[in-house]
Structures are given as C-alpha cells and as structure tokens.
Amino acid sequence: MAEIFLGNIGHKLFGLVMFLYLFGDLAIYGVFIPNSVKQVTPNGTSIGPIEISGDDIFYVYLGIFTVILFPFCCSNFQKTKYLQIITMAIRNISLFGMMIIVIIYISQGTFEPPKYLVNFDGFPALFGVSIYSFMCHHSLPGIITPINSKKRIFRLFGGDFFTIYLTYISLCVTAVLAFGLNTNPTCLPHPGPPCKIQDSYIFNFASYRINFIAIFLQLFPVFTLSSNFPMIAITMRNNLKKLVKIGENWERQTLLNIIYSFVCVIPAMLLAALLRNNLNKLVEINGSYCGLCIMFLFPTFIVMFARRKAHKLWGSQYVNPYRSPFKGTFWVVFMFVCSAAALSFVIYRQVVSIIDDANHH
C-alpha cells in the first residue's frame, strides 16, 4: 500500500522504518527470552567441568537461543496455523493466570492503594509500550484481504480491539493495586514475599508459593516469543531485500537468504547483549519512534493520498462502501496533531530523564 499511494520515496521510508522497528523487536526478544530462562536458573548452570553463573549465564543463553533459531530465520516459515493456536493458548493461559493470582493477592488485603492517580513521568514509557502492545497495523491488510464479506468488519475488529484493551487495563490495574507501592526490589526465585513491579512483569511471580506455576509464568516468553522470532526475522529479511535490492538476480537464493538473515539477526542479538539491563528503554524507544510512524503517521498518509487518488479516478462523488467512521478530513489533521504532540512530549520527558540521571551521577 505504501508503494501504491506514497510513491518510491515514501515506500523506501516506510521500508526503512519497518526494518528499524523489526530490528528493535528482535533485540527486545533477545533480551526477554534469555532473561526468562536465567530467572529460573538463578544459581547458574554447568557445561561439563565449566561452571557458569552471574551475568555470564545470560550471554550463554543468548548464544544458545541465537544458534537454535537462526536456521529457522534463513528458511521460509509457512503453515503456522497450529503453532499460532498453541502460542495463543499459552498466551491466554498466562495472562489470565497472572490476573487471577493477583486478584487473589488483592482479596487477601495485603496491599496499599496508590497515592496518586497519574504520574506523568511515566508517560514516555506508557506511550512506547502501548504502541508496542497494540502494534499490528502491518499485519491487518493480510488478515482483512482474504475475508470475502466485509460488511461486519468494523464490528469484528472493534470487538477484537476492545477485548484486548480490557485485558490490558485489567492486567495493569491489578498490577498497580497489588505491587504499585511495594518497596521490595526483587522477587526471589522461591516462595516468599512479593516485590515491586519488575521491568518484566512475569518476574513478579517468581516468588509465588506454587513453584510449577511460578516457573511456567516466567518461561511464558520462551514459549510464545520463540515461535514469533523466526517470522519477524523473515519479515525483516524480506523487507531489507526489497529495500536494498542487492542480489535479486542471484541463482543461489538460499545463500542470499542466509546472508540477509545474518545481517538482520546477529546485530540485533549484539544490541540485546549490550542493552540486557535496559529492556524498558528499548521498548520505549522502539515504540515511541518507529512504532509511532508505523501506527499513526504512515497509515494517516496512506489514507490521505488514497482518498486523493480515489477522487481523481472516480470523481468527488465516489463513496467507499467500507469507509471508516472517521472519514472526515478533521480526523486526518487530528492524527497528525496528536502524533506531533505525543512525540514532542516523549522527547521532552526523555531529555529531562537524561539530565536528571546525569545530575545524580
């Protein structure tokens, strides 16, 4: 769609932003998954006579994770129906399991309500994570196109997004009520007291009294994100091939796929190794900048130029039977204004945070 409506330059810009977003995605997965495995082996492990512990174990798990999944990134991942069903089941079991455990904890009365309703210092993180959580715009065309009857498409997706929204709100509100004012820095990997909200929320359940459930929730990213990793890497590889167009006429396309996959995956894993203690910042930056472009700016530009093209081809009287409820020009302008305001606020808060950190040091 970017190629059709935004021209060659717009298409390349979109491809570049998508590449950077997916690159950040892989780096986030590269931090999240080894950390999850590390959390359930806190005392380290051993490979023959070699004892591995402390921070080194993260890098070992990152290396194992990369070696295992890289071959899948070089292939073409197809027929993922059953894999997606299993992933969705594990995701839902984990999400609702966390909410049930926290609701039980709250019902026991061992929590304090938050002292304030809004903390604007957390807005950049909230904005970046929210975009990252709802980011699916790059997949919607592939989902909508095969649907024959689009009469109920708005109800279908409206109900879908509203359900997702309620799930996120429930998860966040229960987390804040249960752990928002807790001062315990970390949850120990055995039954014990709860702790403050961790960078990865799953680690709040490390000290849950039922060990099997605690381990399952901590390994939840390993089960779900590992299956997504090759698909994201392949999408990133294909976008890069279209963007740079080097080796299009090579006969050995398998070798070309390996080279492109190496260029995509290995630097992302190196970034994960460098930023292993800054997962929140990684999510915040990826969502606030690349995510904002993909979720807000490019769709708005596509809608604006698509409407112009439709009016040129079929005249100003043309009415799209599947037009959005937000069809007026006002909404296009509104999206640009909101994007500019949100981006300005995020940049301001991040600069203030950097200055505060510098002053403290």
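Just so we're clear, the structure is a prediction, and the values are computed from it rather than from any experiment.

(A) The arrangement of the overall build of the chain in detail. When you go through the chain residue by residue, the secondary structure sums to 11 helices and 2 strands. When the helices and strands of the chain are placed in sequence order, the string is α-β-β-α-α-α-α-α-α-α-α-α-α. Relative to its 361 residues, the chain shows a buried fraction of 35%. A sequence separation of at least 24 residues applies to 74% of the contacts in the chain between residues at least 6 apart.

(B) Seen up close, helix α7 (residues 211-218). All of the buried residues along α7 are Ala214, Leu217 and Gln218. Mapping the buried residues of α7 onto a view down its axis gives an arc of 100 degrees, with all of them on the same face.

(C) How the structure looks around the nonpolar core. Ranked by size, the top nonpolar core spans 42 residues in total, and within it Leu26, Tyr29, Phe65, Phe229, Met236, Val265 and Met269 carry the most contacts. Looking at this core, the elements with two or more residues in it are α1 (2-40), α2 (56-73), α8 (220-244), α9 (253-274) and α10 (279-314). With 14 residues, α1 is the largest single contributor of residues to this core. Here valine 265 is in contact with Leu26, Thr66, Phe70, Cys73, Phe229 and Ala233, once residues within four sequence places are set aside. Core analysis: the next-biggest nonpolar cluster, separate from the first, contains 20 residues, Ile90, Ile101, Ala175 and Leu217 among them.

(D) Region of interest: helix α6 (residues 153-179). Under the 1.5 Å per step criterion, the end-to-end length of α6 is 39 Å for 27 residues, consistent within 8% with the ideal 39 Å. What α6 keeps buried is the set Ile153, Phe157, Thr167, Leu171, Thr174, Ala175, Ala178 and Phe179.

(E) Examining the side chain of threonine 174 more closely. By the secondary structure assignment, threonine 174 is in helix α6. At 3.0 Å, the side chain of threonine 174 and the backbone oxygen of leucine 171 are in polar contact.

(F) Expanded view of a nonpolar patch on the surface. A contiguous nonpolar surface patch, about 530 Å² in accessible area, is contributed by Trp250, Leu255, Ile258, Ile259, Phe262 and Val263. Looking at where phenylalanine 262 falls in the secondary structure, it is placed in helix α9. In this structure phenylalanine 262 comes out as partly exposed when scored by relative accessible area, which is 48%.

(G) Structural context of the side chain of serine 36. Structurally, the position occupied by serine 36 is in helix α1. The class of serine 36 is buried, set by a relative accessible area of 0%. A polar contact of 3.4 Å, which involves the side chain of serine 36, links it to the backbone oxygen of glutamine 218. Excluding anything up to four places from it in sequence, serine 36 contacts Ile202, Phe203, Gln218, Leu219, Pro221 and Val222.

(H) Geometry of the state of the cysteines. Evaluated as defined, the whole model comprises 1 disulfide. Here cysteine 187 connects covalently by a disulfide to cysteine 195, the sulfurs 2.0 Å from one another. Taking the sign of the S-S torsion, -100 degrees for the link of cysteine 187 and cysteine 195, the bridge is left-handed. Note on cysteine 195: relative accessible area 0%, which makes it buried. Just so you know, cysteine 264 is unpaired, no disulfide at all, and the nearest cysteine sulfur is the one on cysteine 73, 9.2 Å from it.

(I) Representation of the layout of surface pockets in the model. Put simply, the second largest pocket is a space of about 450 Å³. Ranked by residues supplied to the lining of the second largest pocket, first place goes to α1 with 3 residues.

(J) Broad picture of the environment of glycine 180. Looking at where glycine 180 falls in the secondary structure, it is placed in the loop between α6 and α7. Separated by 15 residues in sequence, glycine 180 and cysteine 195 place their C-alpha atoms 9.1 Å apart. Filtering out sequence-adjacent residues up to four positions away, glycine 180 remains in contact with Ala175 and Ile197.

(K) The confidence of the model for the chain, seen in detail. Here the chain averages 81 in pLDDT, and 90% of its residues register 70 or above. Within the chain, the element-level pLDDT minimum falls on strand β1 (residues 45-47), averaging 65, and the maximum on α9, averaging 90.

(L) Expanded view of the packing of α1 against α10. For the pair α1 and α10, interaxial distance at closest approach is 10 Å and the crossing angle is 160 degrees. With respect to α10, the axis of α1 lies roughly antiparallel. The chirality of how α1 crosses α10 is left-handed. Here the contact of α1 with α10 is built from residues that sort into 25 nonpolar, 4 polar and 2 charged.

(M) Region of interest: the packing of aromatic side chains. Here the structure, examined in full by the defined rule, presents 16 aromatic pairs. Both rings, one in phenylalanine 179 and one in phenylalanine 205, keep their centres 6.5 Å apart while their planes meet at 90 degrees; by these two values the pair is edge-to-face. Here phenylalanine 179 is found in helix α6, whereas its partner phenylalanine 205 is found in the loop between α6 and α7, with 26 residues between them in sequence. The exposure class assigned to phenylalanine 205 is buried, which follows from its relative accessible area of 2%. With a centroid separation of 6.5 Å and 25 degrees between ring planes, the pair formed by phenylalanine 212 and phenylalanine 216 is classed as stacked. In this pair, phenylalanine 212 and phenylalanine 216 both sit in helix α7, 4 residues apart, roughly one turn of the helix. Every member of this aromatic cluster is reached through a ring pair, and the members are Tyr105, Phe179, Tyr201 and Phe205. Lying across the ring of phenylalanine 58, arginine 276 places its NZ or CZ 4.7 Å from the centre.

Cut-offs and rules
- Residues numbered from 1 in each chain as written.
- Predicted model: local features only at pLDDT ≥ 70, side-chain atom pairs only at ≥ 80, totals over all residues.
- Heavy atoms only, no water.
- Helix = DSSP H or I, 4+ residues; strand = E, 2+ residues; numbered from the N terminus.
- Buried < 20%, exposed > 50% of the residue type's maximum accessible area, 1.4 Å probe, protein only.
- Contact = heavy atoms within 4.5 Å.
- Arc of directions from axis to C-beta.
- Core = buried A, V, L, I, M, F, W, Y, C linked by side-chain atoms within 4.5 Å.
- Expected span 1.5 Å × (residues − 1).
- Polar contact = N/O pair within 3.5 Å; in protein donor to acceptor, adjacent residues only side chain to side chain.
- Patch = residues over 30% accessible without salt bridge, like charges linked within 9 Å, V, L, I, M, F, W, Y side chains within 5 Å.
- Areas by Shrake-Rupley, 256 points an atom, 1.4 Å probe, with all protein chains shown as cover.
- Salt bridge = Lys/Arg side-chain N within 4 Å of Asp/Glu carboxyl O.
- Disulfide = S-S within 2.5 Å.
- 1 Å grid on protein atoms, 1.4 Å probe; cavity = no way out; pocket = protein on both sides within 12 Å on 5 of 7 lines; lining within 4 Å.
- Points joined across faces, edges and corners; volume = space filled by probe spheres on them.
- pLDDT = per-residue confidence, 0-100.
- Axes fitted to C-alpha atoms, helices over the stretch in contact; angles between N-to-C directions.
- Parallel < 35°, antiparallel > 145°, perpendicular 65-115°, else oblique.
- Left-handed = near helix turned anticlockwise from the far one by under 90°.
- Nonpolar A, V, L, I, M, F, W, Y, C, P; charged D, E, K, R; others polar.
- Phe/Tyr/Trp six-rings, centres within 6.5 Å; stacked < 30°, edge-to-face > 60°.
- Lys NZ or Arg CZ within 6 Å of the ring centre and 35° of its normal.

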